[in-house]
Amino acid sequence: MISSPCDVLNARLGELFSCSSMDGHTRIRTPFLYPDGDVIDLFVREGNGVATVSDLGETLRWLKMQSLSPRRSQRQQKLVEDACLNHGIELYRGMLMARVRAGDDLASVVMRVSQGALRVADIWFTMRTRSFESVTEEVELCLVEKQISFERGPFVGRSGRTWRPDFHTRLPDKSSLVYVLSTGSRGAARGVAEHVLAGWYDLTSLHVGPEALQFVSLFDDTMDVWSAEDFNLLSDLSTITRWSQPEQFLQALAT
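We now turn to the structure provided with this report.

1. Some details on the pairing of strand β4 (residues 50-54)
- As paired strands, strand β3 (residues 39-47) and β4 are joined by five bridges and run antiparallel to one another. Within β4, the position partnered with Glu 46 by the bridge is Ala 51.
- A loop of two residues connects β3 with β4, the two strands running antiparallel in sequence, and Asn 48 in this loop sits at a positive phi of about 55°.
- Pairing geometry for β4 and strand β6 (residues 95-100), over four bridges, is antiparallel.

Here you go:
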């Protein structure tokens, strides 16, 4: 179909795109960058009269490395699908792909896939500025992934006030209440910590007895808003964990 993809791209797109052969593919080094400065590479492979332009899954692999969650949230998945739809590309087995059929312009297809990869990578910005609810959603996905049973429900404290910890988990040896502490504002961080402290203090009756509930304070420390005093404030009444270390959090639930 295409005797030399590099010749076509050089003629249509100029020197900003460079080509080389790699493991049966033609690698196209584009002038586009992921948000951290890595170069977006695409790959062309021909077979059965049809060429396919693909990122070989690099864009979604890059995006996954920016998140602590083992899965994308429903909102993030919808953004990925919308980006593919808008740029006329296919998402298949984690790869962004588009066919170049007879008569198609290879350069146009390369530009479509490049633009789609850019838009998918830009989802990183929504991850950095995510809301409290989406952090809780990430934690929920983690618990589901690890098959940790949980529910959400109100608890009445000694004062008569109703509190709503984010998760009530149950493992064979231990049950826990979990508050997720998340904010994008350093100025609001102390208020969030003090609210959780008040909740743990009011619920201390659940913290004793043969079926005592463990209290776990999970700090979303992926943004630098917390001070040492915020962690210390909750350390006497709860186990302190950090979302940047999910295995530490999961271990705390089990021990």
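2. Some thoughts on the nonpolar core
- Counting 31 residues, the largest nonpolar core has Val 53, Val 110 and Val 120 as its most contacted members.
- Contributing elements (two or more residues each) for this core: β2 (25-33), β3, β4, α2 (58-65), α3 (74-86), β6, α4 (106-121) and α5 (123-128).
- Residue contributions to this core peak at nine residues, all from α4.
- Those residues within four positions of Val 53 in sequence are excluded, and the remaining contacts are Leu 42, Phe 43, Val 44, Leu 96, Met 97, Ala 98, Val 100, Leu 106, Val 109, Val 110 and Val 113.

3. A few points about helix α8 (residues 228-235)
- Along α8, the residues that are buried comprise Asp 230, Phe 231 and Leu 234. The buried side chains of α8 occupy one side of the element, clustering within an arc of 95° when seen end-on.
- Tucked inside the fold, the buried residues of α8 contact β11 (175-181), α7 (186-202), β12 (214-219) and β13 (239-242).

4. A look at the packing of aromatic side chains
- All chains considered together, the criterion is met by nine aromatic pairs.
- Here Phe 150 and Phe 167 contribute two aromatic rings whose centre-to-centre distance is 5.4 Å and whose plane-to-plane angle is 85°, an arrangement assigned as edge-to-face. You can see Phe 150 sitting in strand β7 (residues 149-151) and its partner Phe 167 sitting in strand β10 (residues 167-170), a full 17 residues away along the chain.
- According to the relative accessible area criterion, Phe 150 is partly exposed, its value standing at 25%.
- Aromatic pair Tyr 179 and Trp 200: ring centres 5.0 Å apart, planes at 70°, arrangement edge-to-face. Of this pair, Tyr 179 sits in strand β11 while Trp 200 sits in helix α7, and the two are 21 residues apart along the sequence. Across the pair, exposure class does not vary: Tyr 179 and Trp 200 are buried alike.
- In this arrangement the basic side chain of Arg 158 is found over the ring face of Tyr 201, its NZ or CZ atom lying 5.0 Å from the centre.

5. Observations regarding the environment of Phe 215
- Looking at the secondary structure, you find Phe 215 in strand β12.
- For the pair Phe 215 and Arg 164, spaced 51 residues apart in sequence, the C-alpha separation works out to 13 Å.

6. Some remarks on unusual backbone geometry
- Backbone geometry at Leu 56 places phi at a positive 55°, although glycine is not the residue there.
- Along the polypeptide, Leu 56 turns up in the loop between β4 and α2.
- At Gln 147, a residue that is not glycine, the phi angle is positive and equals roughly 55°.
- Tracing the chain through its elements places Gln 147 in the loop between α6 (132-145) and β7.

7. Description of the packing of helix α1 (residues 5-13) against α4
- Contact geometry for α1 and α4: axes closest at 9 Å, N-to-C directions at 80°. In terms of orientation, α1 lies roughly perpendicular with respect to α4. When α1 is examined against α4, the residues Pro 5, Val 8, Leu 9, Arg 12 and Leu 13 are found in contact with a partner set consisting of Leu 106, Ala 107, Ser 108, Val 110 and Met 111.
- A breakdown of the residues in the contact of α1 with α4 according to their chemical character gives eight nonpolar, one polar and one charged.

8. Considering the pattern of salt bridges
- Inspection of the entire model under this criterion finds eight salt bridges.
- The residue Arg 29 makes a salt bridge to Asp 41 at a minimum N-O spacing of 2.7 Å. One end of the pair, Arg 29, is in strand β2; the other, Asp 41, is in strand β3, and twelve residues separate them in sequence.
- You can call Arg 29 partly exposed: its relative accessible area is 34%.

9. With respect to the packing of α2 against α4
- Look at α2 against α4: their axes get within 10 Å of each other, and the N-to-C directions meet at 10°. Looking at the two axes, α2 sits roughly parallel to α4. For the element pair α2 and α4, the recorded crossing hand is right-handed. On α4, the residues that touch Thr 59, Leu 60, Trp 62 and Leu 63 of α2 are Ala 117, Val 120 and Ala 121.
- Among the residues forming the contact of α2 with α4, the class breakdown is six nonpolar, one polar and no charged.

Parameters at a glance
Residues numbered from 1 in each chain as written. Predicted model: local features only at pLDDT ≥ 70, side-chain atom pairs only at ≥ 80, totals over all residues. Heavy atoms only, no water. Pairing = 2+ DSSP bridges. Helix = DSSP H or I, 4+ residues; strand = E, 2+ residues; numbered from the N terminus. Core = buried A, V, L, I, M, F, W, Y, C linked by side-chain atoms within 4.5 Å. Buried < 20%, exposed > 50% of the residue type's maximum accessible area, 1.4 Å probe, protein only. Contact = heavy atoms within 4.5 Å. Arc of directions from axis to C-beta. Phe/Tyr/Trp six-rings, centres within 6.5 Å; stacked < 30°, edge-to-face > 60°. Lys NZ or Arg CZ within 6 Å of the ring centre and 35° of its normal. Axes fitted to C-alpha atoms, helices over the stretch in contact; angles between N-to-C directions. Parallel < 35°, antiparallel > 145°, perpendicular 65-115°, else oblique. Nonpolar A, V, L, I, M, F, W, Y, C, P; charged D, E, K, R; others polar. Salt bridge = Lys/Arg side-chain N within 4 Å of Asp/Glu carboxyl O. Left-handed = near helix turned anticlockwise from the far one by under 90°.

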